[in-house]
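Examination of the molecular architecture
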Amino acid sequence: MSGAEEFRVEFEEPRERRIPMPRASVEDGGRPLPDPVGRGEDVSVPLVLPHDVLKSLLGAWALAACSAAETDAVEHHLGDCGGCADEARRLREAVGLLHQPETLDLDPALRTRVLDACLDRRPPRIPVPEWAAPYDAETARLDALLQDFGDAEWHAPVRLRWFEDDAQTTRRTTVAGVIAHLLAVDGVIATALGLDDPLGHAPGASGPSPRTEAYWRSAPFPPTRAVHTPWREQTHALVRTVSFTGGSAGGFTVPYGGFELPLHDAMLDRAFGCWVHAEDIADAVDYPYRPPSPRHLNKMIDLAVRLLPTALAARRRSGRSTPPRTIRHLAPAGHPGRTLRLEIEGPAGGNWLIPLDSPSATPSTDWEVAHVALDSVEFCHLAAGHLLPEDAAAGQLGDKEAIRDVLYATASLSRM
(Lines give C-alpha, C1' and ligand atoms only; values in the text may rest on other atoms or scores of the structure.)
Protein backbone atom coordinates (compact mmCIF):
# COMPACT_ATOMS: atom_id res chain seq x y z
CA MET A 1 0.00 0.00 0.00
CA SER A 2 1.34 3.40 -1.00
CA GLY A 3 1.76 6.30 1.39
CA ALA A 4 -1.12 8.23 -0.11
CA GLU A 5 -3.46 5.28 0.32
CA GLU A 6 -2.33 4.84 3.93
CA PHE A 7 -3.06 8.55 4.55
CA ARG A 8 -6.55 8.18 3.11
CA VAL A 9 -7.29 5.12 5.23
CA GLU A 10 -5.97 6.75 8.42
CA PHE A 11 -7.78 10.08 8.05
CA GLU A 12 -10.93 9.00 6.29
CA GLU A 13 -14.01 9.97 8.42
CA PRO A 14 -15.99 6.97 9.68
CA ARG A 15 -19.38 6.45 8.09
CA GLU A 16 -22.48 7.37 10.16
CA ARG A 17 -24.74 4.56 11.25
CA ARG A 18 -28.16 4.49 9.61
CA ILE A 19 -30.79 4.72 12.45
CA PRO A 20 -34.40 4.88 11.23
CA MET A 21 -36.30 8.02 12.27
CA PRO A 22 -39.59 7.71 14.21
CA ARG A 23 -42.64 7.45 12.05
CA ALA A 24 -44.95 10.44 11.79
CA SER A 25 -48.64 10.00 12.45
CA VAL A 26 -51.11 10.36 9.64
CA GLU A 27 -52.60 13.48 11.23
CA ASP A 28 -49.15 15.19 11.35
CA GLY A 29 -48.30 14.29 7.81
CA GLY A 30 -51.19 16.14 6.23
CA ARG A 31 -52.35 13.08 4.35
CA PRO A 32 -56.05 12.14 4.19
CA LEU A 33 -57.27 9.65 6.78
CA PRO A 34 -57.90 6.14 5.52
CA ASP A 35 -61.45 4.93 5.15
CA PRO A 36 -62.83 2.94 8.10
CA VAL A 37 -62.16 -0.73 7.75
CA GLY A 38 -64.24 -3.56 9.11
CA ARG A 39 -67.39 -1.56 9.78
CA GLY A 40 -70.78 -2.54 8.56
CA GLU A 41 -71.77 1.02 7.55
CA ASP A 42 -70.00 3.99 6.10
CA VAL A 43 -70.04 6.49 8.97
CA SER A 44 -68.55 9.22 6.76
CA VAL A 45 -71.81 9.44 4.84
CA PRO A 46 -74.61 11.06 6.88
CA LEU A 47 -77.95 9.31 6.98
CA VAL A 48 -80.47 11.19 4.87
CA LEU A 49 -84.09 10.65 5.93
CA PRO A 50 -87.30 12.45 4.94
CA HIS A 51 -88.97 14.87 7.34
CA ASP A 52 -91.83 12.55 8.32
CA VAL A 53 -89.41 9.75 9.21
CA LEU A 54 -87.25 12.09 11.29
CA LYS A 55 -90.32 13.37 13.11
CA SER A 56 -91.41 9.82 13.90
CA LEU A 57 -87.98 9.17 15.44
CA LEU A 58 -88.28 12.03 17.97
CA GLY A 59 -89.85 9.79 20.61
CA ALA A 60 -87.11 7.18 20.31
CA TRP A 61 -84.49 9.94 20.29
CA ALA A 62 -85.89 11.42 23.53
CA LEU A 63 -85.59 7.96 25.12
CA ALA A 64 -82.02 7.54 23.76
CA ALA A 65 -83.20 4.50 21.80
CA CYS A 66 -81.94 5.54 18.33
CA SER A 67 -78.84 4.19 16.63
CA ALA A 68 -75.81 6.42 16.27
CA ALA A 69 -76.61 7.26 12.66
CA GLU A 70 -80.25 8.01 13.44
CA THR A 71 -79.24 10.17 16.40
CA ASP A 72 -76.90 12.22 14.20
CA ALA A 73 -79.59 12.62 11.56
CA VAL A 74 -82.24 13.70 14.10
CA GLU A 75 -79.94 16.16 15.88
CA HIS A 76 -78.82 17.63 12.55
CA HIS A 77 -82.47 18.05 11.57
CA LEU A 78 -83.36 19.74 14.89
CA GLY A 79 -80.97 22.55 14.04
CA ASP A 80 -82.94 23.34 10.87
CA CYS A 81 -86.56 22.58 11.87
CA GLY A 82 -88.07 24.72 14.64
CA GLY A 83 -91.26 22.65 14.91
CA CYS A 84 -89.39 19.41 15.49
CA ALA A 85 -87.02 21.17 17.91
CA ASP A 86 -89.97 22.29 20.08
CA GLU A 87 -91.48 18.81 19.96
CA ALA A 88 -88.14 17.25 20.89
CA ARG A 89 -87.80 19.60 23.87
CA ARG A 90 -91.27 18.69 25.16
CA LEU A 91 -90.53 14.98 24.76
CA ARG A 92 -87.25 15.29 26.67
CA GLU A 93 -89.05 17.11 29.52
CA ALA A 94 -91.66 14.33 29.61
CA VAL A 95 -88.92 11.71 29.82
CA GLY A 96 -87.44 13.63 32.76
CA LEU A 97 -90.76 13.32 34.59
CA LEU A 98 -90.69 9.57 34.05
CA HIS A 99 -87.26 9.30 35.71
CA GLN A 100 -87.46 11.37 38.89
CA PRO A 101 -84.21 11.55 40.85
CA GLU A 102 -84.47 9.31 43.90
CA THR A 103 -82.42 9.22 47.07
CA LEU A 104 -80.21 6.25 47.73
CA ASP A 105 -81.63 5.99 51.26
CA LEU A 106 -84.23 3.32 51.85
CA ASP A 107 -87.74 4.30 52.77
CA PRO A 108 -87.94 4.17 56.61
CA ALA A 109 -91.28 2.37 56.24
CA LEU A 110 -89.66 -0.39 54.15
CA ARG A 111 -88.53 -2.34 57.22
CA THR A 112 -92.05 -2.26 58.66
CA ARG A 113 -93.62 -3.39 55.40
CA VAL A 114 -91.17 -6.26 54.99
CA LEU A 115 -91.63 -7.43 58.58
CA ASP A 116 -95.41 -7.15 58.32
CA ALA A 117 -95.38 -9.24 55.13
CA CYS A 118 -93.16 -11.86 56.76
CA LEU A 119 -95.22 -11.97 59.94
CA ASP A 120 -98.45 -12.30 57.96
CA ARG A 121 -97.07 -15.46 56.39
CA ARG A 122 -95.53 -16.85 59.56
CA PRO A 123 -96.58 -15.18 62.81
CA PRO A 124 -93.90 -15.23 65.53
CA ARG A 125 -94.33 -17.46 68.53
CA ILE A 126 -93.43 -14.51 70.76
CA PRO A 127 -94.39 -11.23 69.03
CA VAL A 128 -92.99 -7.83 69.94
CA PRO A 129 -95.64 -5.86 71.88
CA GLU A 130 -97.18 -2.94 70.04
CA TRP A 131 -95.92 -0.52 72.69
CA ALA A 132 -92.33 -1.78 72.19
CA ALA A 133 -92.44 -1.59 68.37
CA PRO A 134 -91.35 2.10 68.21
CA TYR A 135 -88.25 1.34 70.29
CA ASP A 136 -87.46 -1.67 68.13
CA ALA A 137 -87.83 0.38 64.95
CA GLU A 138 -85.86 3.44 66.07
CA THR A 139 -82.93 1.46 67.49
CA ALA A 140 -82.78 -0.55 64.25
CA ARG A 141 -82.73 2.66 62.19
CA LEU A 142 -79.94 4.17 64.29
CA ASP A 143 -77.99 0.90 64.16
CA ALA A 144 -78.20 0.97 60.35
CA LEU A 145 -76.90 4.55 60.32
CA LEU A 146 -73.90 3.59 62.46
CA GLN A 147 -72.91 0.51 60.44
CA ASP A 148 -70.65 2.32 57.93
CA PHE A 149 -69.18 4.94 60.27
CA GLY A 150 -65.40 5.28 60.29
CA ASP A 151 -63.25 6.69 63.07
CA ALA A 152 -63.76 10.24 61.81
CA GLU A 153 -67.54 9.94 62.08
CA TRP A 154 -67.42 8.32 65.53
CA HIS A 155 -65.38 11.25 66.85
CA ALA A 156 -67.43 13.96 65.10
CA PRO A 157 -68.50 16.66 67.62
CA VAL A 158 -72.14 16.67 68.74
CA ARG A 159 -73.90 19.26 70.86
CA LEU A 160 -76.68 17.85 73.03
CA ARG A 161 -79.49 20.31 73.77
CA TRP A 162 -82.29 20.28 76.33
CA PHE A 163 -84.35 22.72 78.44
CA GLU A 164 -83.68 23.34 82.11
CA ASP A 165 -85.09 26.12 84.32
CA ASP A 166 -86.79 27.75 81.32
CA ALA A 167 -83.49 28.05 79.48
CA GLN A 168 -81.80 25.93 76.84
CA THR A 169 -78.78 23.97 78.08
CA THR A 170 -76.12 22.37 75.91
CA ARG A 171 -73.36 19.81 76.40
CA ARG A 172 -70.60 18.96 73.94
CA THR A 173 -69.70 15.35 73.21
CA THR A 174 -69.05 13.09 70.21
CA VAL A 175 -71.05 10.57 68.23
CA ALA A 176 -69.57 7.82 70.39
CA GLY A 177 -70.48 9.85 73.48
CA VAL A 178 -74.11 10.03 72.33
CA ILE A 179 -74.27 6.23 71.95
CA ALA A 180 -72.74 5.91 75.42
CA HIS A 181 -75.47 8.22 76.70
CA LEU A 182 -78.18 6.06 75.11
CA LEU A 183 -76.55 2.94 76.57
CA ALA A 184 -76.51 4.44 80.07
CA VAL A 185 -80.09 5.76 79.99
CA ASP A 186 -81.55 2.61 78.43
CA GLY A 187 -79.88 0.82 81.32
CA VAL A 188 -82.63 2.24 83.56
CA ILE A 189 -85.07 -0.16 81.90
CA ALA A 190 -82.48 -2.94 81.72
CA THR A 191 -81.88 -2.92 85.48
CA ALA A 192 -85.62 -2.74 86.17
CA LEU A 193 -86.08 -5.88 84.06
CA GLY A 194 -83.25 -7.69 85.83
CA LEU A 195 -80.72 -7.38 82.98
CA ASP A 196 -77.09 -6.34 83.37
CA ASP A 197 -76.58 -2.69 84.20
CA PRO A 198 -74.01 -0.95 81.95
CA LEU A 199 -73.11 1.07 85.06
CA GLY A 200 -72.31 -2.02 87.09
CA HIS A 201 -68.92 -0.54 87.94
CA ALA A 202 -70.49 2.81 88.99
CA PRO A 203 -73.52 2.05 91.19
CA GLY A 204 -75.65 4.63 92.91
CA ALA A 205 -76.44 6.83 89.90
CA SER A 206 -80.15 7.31 89.22
CA GLY A 207 -81.90 9.30 86.53
CA PRO A 208 -80.83 9.83 82.91
CA SER A 209 -78.36 12.70 83.39
CA PRO A 210 -76.56 11.34 86.49
CA ARG A 211 -76.24 7.91 84.87
CA THR A 212 -74.72 9.43 81.73
CA GLU A 213 -72.24 11.54 83.71
CA ALA A 214 -71.27 8.51 85.80
CA TYR A 215 -70.70 6.39 82.69
CA TRP A 216 -68.59 9.07 81.00
CA ARG A 217 -66.49 9.57 84.17
CA SER A 218 -65.94 5.85 84.72
CA ALA A 219 -64.31 5.31 81.30
CA PRO A 220 -60.52 5.83 81.27
CA PHE A 221 -60.73 7.30 77.78
CA PRO A 222 -63.45 9.16 75.82
CA PRO A 223 -65.97 6.78 74.20
CA THR A 224 -65.00 5.23 70.90
CA ARG A 225 -66.72 3.04 68.32
CA ALA A 226 -66.33 0.16 70.79
CA VAL A 227 -69.50 1.38 72.52
CA HIS A 228 -71.59 0.39 69.49
CA THR A 229 -71.62 -3.33 70.24
CA PRO A 230 -72.78 -3.17 73.90
CA TRP A 231 -75.47 -0.61 72.98
CA ARG A 232 -76.71 -2.79 70.14
CA GLU A 233 -76.73 -5.94 72.29
CA GLN A 234 -78.61 -4.12 75.07
CA THR A 235 -81.32 -2.92 72.64
CA HIS A 236 -81.82 -6.47 71.42
CA ALA A 237 -81.97 -7.77 74.98
CA LEU A 238 -84.58 -5.18 75.96
CA VAL A 239 -86.84 -5.97 73.00
CA ARG A 240 -86.44 -9.70 73.59
CA THR A 241 -87.20 -9.42 77.31
CA VAL A 242 -90.29 -7.21 77.04
CA SER A 243 -91.62 -9.53 74.35
CA PHE A 244 -92.00 -12.21 77.03
CA THR A 245 -94.48 -10.04 78.91
CA GLY A 246 -97.22 -11.22 76.59
CA GLY A 247 -98.05 -7.72 75.37
CA SER A 248 -99.00 -6.39 78.79
CA ALA A 249 -96.71 -4.43 81.10
CA GLY A 250 -98.73 -5.71 84.06
CA GLY A 251 -98.38 -2.52 86.10
CA PHE A 252 -94.59 -2.77 85.96
CA THR A 253 -92.92 0.63 86.52
CA VAL A 254 -89.44 1.95 85.75
CA PRO A 255 -87.77 4.44 88.15
CA TYR A 256 -86.37 7.49 86.38
CA GLY A 257 -84.86 9.20 89.41
CA GLY A 258 -87.48 11.33 91.13
CA PHE A 259 -90.41 9.86 89.22
CA GLU A 260 -91.56 6.60 87.67
CA LEU A 261 -93.00 5.61 84.32
CA PRO A 262 -94.97 2.49 83.39
CA LEU A 263 -92.92 0.05 81.37
CA HIS A 264 -94.78 0.71 78.12
CA ASP A 265 -94.32 4.48 78.55
CA ALA A 266 -90.65 4.02 79.44
CA MET A 267 -90.06 2.05 76.24
CA LEU A 268 -91.86 4.77 74.27
CA ASP A 269 -89.76 7.43 75.99
CA ARG A 270 -86.56 5.62 75.02
CA ALA A 271 -87.78 5.31 71.42
CA PHE A 272 -88.27 9.08 71.38
CA GLY A 273 -84.81 9.65 72.85
CA CYS A 274 -83.24 7.31 70.31
CA TRP A 275 -84.82 9.19 67.40
CA VAL A 276 -83.89 12.63 68.77
CA HIS A 277 -80.25 11.66 69.32
CA ALA A 278 -80.11 9.87 65.97
CA GLU A 279 -80.99 13.24 64.43
CA ASP A 280 -78.18 14.83 66.47
CA ILE A 281 -75.75 12.26 65.07
CA ALA A 282 -77.04 12.65 61.51
CA ASP A 283 -76.64 16.44 61.74
CA ALA A 284 -73.08 16.00 63.01
CA VAL A 285 -72.09 13.91 59.98
CA ASP A 286 -74.28 15.91 57.55
CA TYR A 287 -76.59 13.02 56.72
CA PRO A 288 -80.36 13.25 56.16
CA TYR A 289 -82.54 11.47 58.70
CA ARG A 290 -86.31 11.11 58.51
CA PRO A 291 -88.80 11.21 61.39
CA PRO A 292 -90.36 7.96 62.65
CA SER A 293 -93.35 6.43 60.92
CA PRO A 294 -96.60 8.36 61.57
CA ARG A 295 -98.12 5.66 63.79
CA HIS A 296 -95.01 5.54 65.99
CA LEU A 297 -94.66 9.32 66.03
CA ASN A 298 -98.29 9.62 67.11
CA LYS A 299 -97.60 7.40 70.13
CA MET A 300 -94.61 9.58 71.10
CA ILE A 301 -96.72 12.74 70.84
CA ASP A 302 -99.45 11.14 72.93
CA LEU A 303 -96.95 10.30 75.67
CA ALA A 304 -95.69 13.90 75.79
CA VAL A 305 -99.25 15.23 75.93
CA ARG A 306 -100.11 12.87 78.80
CA LEU A 307 -97.09 14.17 80.74
CA LEU A 308 -97.98 17.84 80.21
CA PRO A 309 -100.49 18.22 83.11
CA THR A 310 -97.84 17.04 85.58
CA ALA A 311 -95.27 19.37 84.01
CA LEU A 312 -97.72 22.28 84.32
CA ALA A 313 -98.26 21.47 87.99
CA ALA A 314 -94.48 21.43 88.55
CA ARG A 315 -94.22 24.88 86.95
CA ARG A 316 -96.91 26.20 89.30
CA ARG A 317 -95.11 24.80 92.34
CA SER A 318 -91.84 26.41 91.25
CA GLY A 319 -93.52 29.77 90.65
CA ARG A 320 -92.84 29.83 86.91
CA SER A 321 -96.46 29.54 85.86
CA THR A 322 -98.60 32.64 85.35
CA PRO A 323 -101.73 32.58 87.54
CA PRO A 324 -105.02 32.75 85.65
CA ARG A 325 -106.66 36.15 85.39
CA THR A 326 -110.21 35.08 84.64
CA ILE A 327 -110.91 32.97 87.76
CA ARG A 328 -109.80 33.15 91.37
CA HIS A 329 -109.39 29.46 92.15
CA LEU A 330 -108.10 26.43 90.26
CA ALA A 331 -110.51 23.60 89.52
CA PRO A 332 -110.34 20.81 92.12
CA ALA A 333 -109.42 17.25 91.22
CA GLY A 334 -112.09 15.35 89.34
CA HIS A 335 -113.96 18.49 88.25
CA PRO A 336 -113.91 20.21 84.87
CA GLY A 337 -111.57 23.18 84.65
CA ARG A 338 -109.68 25.37 82.25
CA THR A 339 -108.71 23.44 79.14
CA LEU A 340 -106.34 24.00 76.23
CA ARG A 341 -106.95 22.33 72.89
CA LEU A 342 -103.70 21.12 71.31
CA GLU A 343 -103.96 20.45 67.59
CA ILE A 344 -101.05 18.54 66.08
CA GLU A 345 -100.93 18.73 62.30
CA GLY A 346 -99.63 16.12 59.88
CA PRO A 347 -100.11 12.36 59.38
CA ALA A 348 -99.08 11.69 62.99
CA GLY A 349 -101.27 14.41 64.43
CA GLY A 350 -104.58 14.68 66.19
CA ASN A 351 -106.40 16.74 68.82
CA TRP A 352 -105.85 16.61 72.58
CA LEU A 353 -107.56 18.42 75.45
CA ILE A 354 -105.11 19.38 78.20
CA PRO A 355 -106.31 20.27 81.73
CA LEU A 356 -104.53 23.41 82.90
CA ASP A 357 -105.55 23.56 86.57
CA SER A 358 -104.60 20.12 87.88
CA PRO A 359 -103.31 16.78 86.56
CA SER A 360 -106.43 15.15 87.95
CA ALA A 361 -108.87 17.79 86.67
CA THR A 362 -111.22 16.84 83.87
CA PRO A 363 -110.65 18.58 80.53
CA SER A 364 -113.81 19.99 79.01
CA THR A 365 -114.64 21.76 75.76
CA ASP A 366 -116.99 24.01 77.76
CA TRP A 367 -113.98 25.33 79.68
CA GLU A 368 -111.69 25.68 76.66
CA VAL A 369 -109.67 28.90 77.05
CA ALA A 370 -107.01 28.48 74.35
CA HIS A 371 -106.20 26.65 71.13
CA VAL A 372 -102.68 25.87 69.87
CA ALA A 373 -101.75 24.31 66.52
CA LEU A 374 -98.30 22.81 65.90
CA ASP A 375 -96.69 20.60 63.29
CA SER A 376 -96.01 17.09 64.59
CA VAL A 377 -92.21 17.23 64.11
CA GLU A 378 -91.99 20.76 65.51
CA PHE A 379 -93.91 19.68 68.60
CA CYS A 380 -91.46 16.80 69.11
CA HIS A 381 -88.49 19.13 68.65
CA LEU A 382 -90.04 21.44 71.25
CA ALA A 383 -90.51 18.50 73.65
CA ALA A 384 -86.87 17.50 73.02
CA GLY A 385 -85.57 20.97 73.88
CA HIS A 386 -84.31 21.54 70.35
CA LEU A 387 -86.80 24.34 69.67
CA LEU A 388 -87.33 27.39 71.85
CA PRO A 389 -90.94 28.02 72.88
CA GLU A 390 -90.73 31.54 71.43
CA ASP A 391 -89.65 30.10 68.08
CA ALA A 392 -92.38 27.49 67.85
CA ALA A 393 -94.39 28.16 64.69
CA ALA A 394 -97.66 27.77 66.57
CA GLY A 395 -101.11 28.94 65.59
CA GLN A 396 -102.45 30.52 68.77
CA LEU A 397 -105.92 31.54 69.83
CA GLY A 398 -107.15 32.48 73.29
CA ASP A 399 -105.44 32.92 76.66
CA LYS A 400 -101.84 33.95 75.94
CA GLU A 401 -100.59 33.07 79.44
CA ALA A 402 -102.05 29.56 79.21
CA ILE A 403 -100.48 29.06 75.79
CA ARG A 404 -97.09 30.23 77.07
CA ASP A 405 -97.30 27.88 80.06
CA VAL A 406 -98.09 24.90 77.84
CA LEU A 407 -95.25 25.66 75.39
CA TYR A 408 -92.73 26.06 78.22
CA ALA A 409 -94.04 22.97 79.98
CA THR A 410 -93.57 21.02 76.75
CA ALA A 411 -89.95 22.17 76.53
CA SER A 412 -89.41 21.28 80.21
CA LEU A 413 -90.13 17.60 79.34
CA SER A 414 -86.70 17.44 77.70
CA ARG A 415 -83.56 16.23 79.38
CA MET A 416 -80.09 15.18 78.36
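Residues numbered from 1 in each chain as written. Predicted model: local features only at pLDDT ≥ 70, side-chain atom pairs only at ≥ 80, totals over all residues. Heavy atoms only, no water.

Here we take up the overall build of the chain. Regarding its fold elements, the chain presents 16 helices and eight strands. Relative to its full complement of 416 residues, the chain shows a buried share of 38%. Partitioning the contacts of the chain with sequence separation of at least 6, the portion at a separation of at least 24 is 70%. Here the chain has roughly 24400 Å² of accessible surface; of this, 54% comes from carbon and sulfur atoms. (Helix = DSSP H or I, 4+ residues; strand = E, 2+ residues; numbered from the N terminus. Buried < 20%, exposed > 50% of the residue type's maximum accessible area, 1.4 Å probe, protein only. Contact = heavy atoms within 4.5 Å. Areas by Shrake-Rupley, 256 points an atom, 1.4 Å probe, with all protein chains shown as cover.)

By volume, the largest pocket is sized at about 1200 Å³. Around the largest pocket sit 48 residues that line it, and Phe259, Ser412, Leu413, Ser414 and Arg415 are the ones nearest its centre. Secondary structure elements with two or more residues in the lining of the largest pocket: β1 (157-164), α10 (175-192), α11 (208-218), β4 (260-262), α13 (263-284), α14 (294-317) and α15 (376-383). Per-element tally for the lining of the largest pocket: the top contributor is α14, with ten residues. For the lining of the largest pocket, the class distribution of residues is 24 nonpolar, 13 polar and eleven charged. (1 Å grid on protein atoms, 1.4 Å probe; cavity = no way out; pocket = protein on both sides within 12 Å on 5 of 7 lines; lining within 4 Å. Points joined across faces, edges and corners; volume = space filled by probe spheres on them. Nonpolar A, V, L, I, M, F, W, Y, C, P; charged D, E, K, R; others polar.)

It is at 9 Å that the axes of α10 and α11 come closest, and there the two elements cross at 125°. Classified by the interaxial angle, the pair formed by α10 and α11 is oblique. Between α10 and α11 the crossing geometry is right-handed. Seen from α10, the contacting residues are Gly177, Ala180, His181, Leu183, Ala184, Val185, Gly187 and Val188; seen from α11, they are Pro208, Arg211, Thr212, Tyr215 and Trp216. Its residues assigned to classes, the contact of α10 with α11 comprises eight nonpolar, four polar and one charged. (Axes fitted to C-alpha atoms, helices over the stretch in contact; angles between N-to-C directions. Parallel < 35°, antiparallel > 145°, perpendicular 65-115°, else oblique. Left-handed = near helix turned anticlockwise from the far one by under 90°.)

To continue, consider the pairing of strand β2 (residues 167-174). Bridge count for β1 against β2 is eight bridges, and the pairing is antiparallel. Among the inter-strand pairings, Val158 is bridged to a residue of β2, identified as Thr173. Here β1 hands over to β2 after two residues, with Asp165 in that stretch at a positive phi of 55°. (Pairing = 2+ DSSP bridges.)

Moving on, we get to the sheet that holds strand β7 (residues 368-375). The strands that make up a sheet pair up through hydrogen bonds in the backbone, lying either parallel or antiparallel. One open sheet accounts for four strands, arranged β6-β5-β7-β8; its pairing is mixed. The open sheet terminates on both sides in strands that have one partner only, identified here as β6 (350-355) and β8 (395-398). Neighbour-to-neighbour, the strand axes of the sheet open up by a mean angle of 15°, direction not taken into account. Against the sheet, α15 makes contact with β5 (339-345) and β7, and its axis sits at roughly 100° relative to β7, the strand it touches most. Helix α16 (residues 400-412) rests against β5, β6, β7 and β8 of the sheet, and its axis sits at about 135° to β8.

Attention now moves to the nonpolar core. Counting 84 residues, the largest nonpolar core has Leu142, Ile179 and Leu340 as its most contacted members. Counting residues per element, this core draws most heavily on α13, at twelve residues. Beyond its immediate stretch of four places on either side in the chain, Ile179 contacts Leu142, Leu146, Trp154, Val227, His228, Trp231 and Ile281. Counting residues in each nonpolar core, the second largest holds 13 residues, with Leu58, Val74, Leu78 and Cys81 among its members. (Core = buried A, V, L, I, M, F, W, Y, C linked by side-chain atoms within 4.5 Å.)

The next thing to look at is the state of the cysteines. According to the stated counting rule, one finds zero disulfides in the structure shown. Residue Cys81 stays outside any disulfide, its sulfur separated by 3.6 Å from that of Cys84, the closest cysteine. (Disulfide = S-S within 2.5 Å.)

In this section: the packing of aromatic side chains. Given two aromatic rings, one states the distance between the centres and the angle between the planes to describe the pair. Tallied over the full model, the rule gives four aromatic pairs. Here the aromatic rings of Phe163 and Tyr408 are separated by 6.2 Å at their centres, their planes lie at 65°, and the arrangement is edge-to-face. Here the residue Phe163 occupies a position in strand β1, and Tyr408 occupies one in helix α16, the gap between them amounting to 245 residues. For Phe163, a relative accessible area of 7% gives the class buried. Taking 5.9 Å as the distance between ring centres and 75° as the angle between the ring planes, the aromatic pair formed by Phe272 and Trp275 counts as edge-to-face. (Phe/Tyr/Trp six-rings, centres within 6.5 Å; stacked < 30°, edge-to-face > 60°.)

As a further point, take the side chain of Asp357. When you line up the elements, Asp357 lands in the loop between β6 and β7. Of note is the side chain of Asp357, whose polar atom sits 2.9 Å from the side chain of Arg338. (Polar contact = N/O pair within 3.5 Å; in protein donor to acceptor, adjacent residues only side chain to side chain.)

Moving on, we get to the confidence of the model for the chain. Scored by pLDDT, the chain has a mean of 84; 81% of the residues are at 70 or more. Note that residues 7-13 has pLDDT below 50 and, in this model, zero contacts with residues that lie over four places away or in other chains. Predicted confidence is poor over residues 37-43, with pLDDT under 50, and the contacts of this stretch with residues over four places away or in other chains come to two contacts. (pLDDT = per-residue confidence, 0-100.)

Further remarks concern unusual backbone geometry. A positive phi is found at Asp165, a non-glycine position, where the angle reads about 55°. By the element assignment, Asp165 lies in the loop between β1 and β2. You can call Asp165 exposed: its relative accessible area is 56%. With a phi close to 55°, Asp286 is a non-glycine residue in the positive phi region. Following the sequence through the fold, Asp286 ends up in the loop between α13 and α14.

Attention shifts here to the pairing of β6. Sheet analysis places β5 next to β6, joined by six bridges and oriented antiparallel. Counted as the bridge partner of Leu342 is Trp352 from β6. The antiparallel hairpin formed by β5 and β6 contains four residues in its connecting segment, where Gly346 sits at a positive phi of about 110°.

On inspection of all chains with the given rule, the structure shows 19 salt bridges. Asp166 is the salt-bridge partner of Arg320, the closest N and O atoms lying 4.0 Å from each other. Within this pair, whereas Arg320 is found in the loop between α14 and β5, its partner Asp166 is found in the loop between β1 and β2, the two being separated by 154 residues in sequence. Judged by its relative accessible area of 32%, Arg320 falls in the partly exposed class. (Salt bridge = Lys/Arg side-chain N within 4 Å of Asp/Glu carboxyl O.)

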